[in-house]
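Breakdown of the fold
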Amino acid sequence: MQIGDVPSSARRLLLVAAAALIDTEGRILITQRPLHKALGGLWEFPGGKVELGEAPEHALVRELKEELDLNVEPDCLDPFAFASHAYTDFHLLMPLYVVTRWQGEPKLDPNAAAAMKWVRAEALREHEMPPADVVLVERLIERSAA
């Protein structure tokens, strides 16, 4: 079935908040989706689903704590870009925030991700990512070149 075969009104909207955590060397943290999950093995920006009634910023603060054991204040989230992508059975809307200040060292929760690594913006292209993340990669490369 092609994406175009499902009317857009039949797809549910999924709101996910993601972070481009950028360290003092200008590297960006990416995580690898667990193999047993949809799009398993692909690399992505950390984050997760926004729960009903939850602001995207609060969801991202929560997800970064749960997945990476990082403490991030909401005012340290810098809105940067967003992705809007129609998958087969849902439409994903994903705001991406740049984060350069946090407390703690990233500790991977193996239930949330299979691996993590710090990469330069240009190296993001070398990692297979979900379609919604790809447009954000180009924006981050542009940002790093500026």
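Conventions and cut-offs
- Residues numbered from 1 in each chain as written.
- Predicted model: local features only at pLDDT ≥ 70, side-chain atom pairs only at ≥ 80, totals over all residues.
- Heavy atoms only, no water.
- Helix = DSSP H or I, 4+ residues; strand = E, 2+ residues; numbered from the N terminus.
- Contact = heavy atoms within 4.5 Å.
- Pairing = 2+ DSSP bridges.
- Axes fitted to C-alpha atoms, helices over the stretch in contact; angles between N-to-C directions.

1. Let's talk about the side chain of E63
By secondary structure assignment, the location of E63 is in helix α1 (residues 56–68). Residues contacting E63, with those up to four places away along its chain left out, are G47, G48, K49 and L68.

2. Focus on the sheet that holds strand β6 (residues 90–99)
Reading across from one edge, β4-β1-β6-β5 is the order of the 4 strands in this open sheet, with mixed pairing throughout. What marks the edges here is a single partner per strand, and that holds for β4 (47–49) and β5 (77–86). Looking at each pair of strands side by side, their axes are set apart by 20° on average, direction ignored. Pairing between strand β1 (residues 12–21) and β6: 8 bridges, direction parallel. In the strand pairing of β6, R12 is matched with F90.

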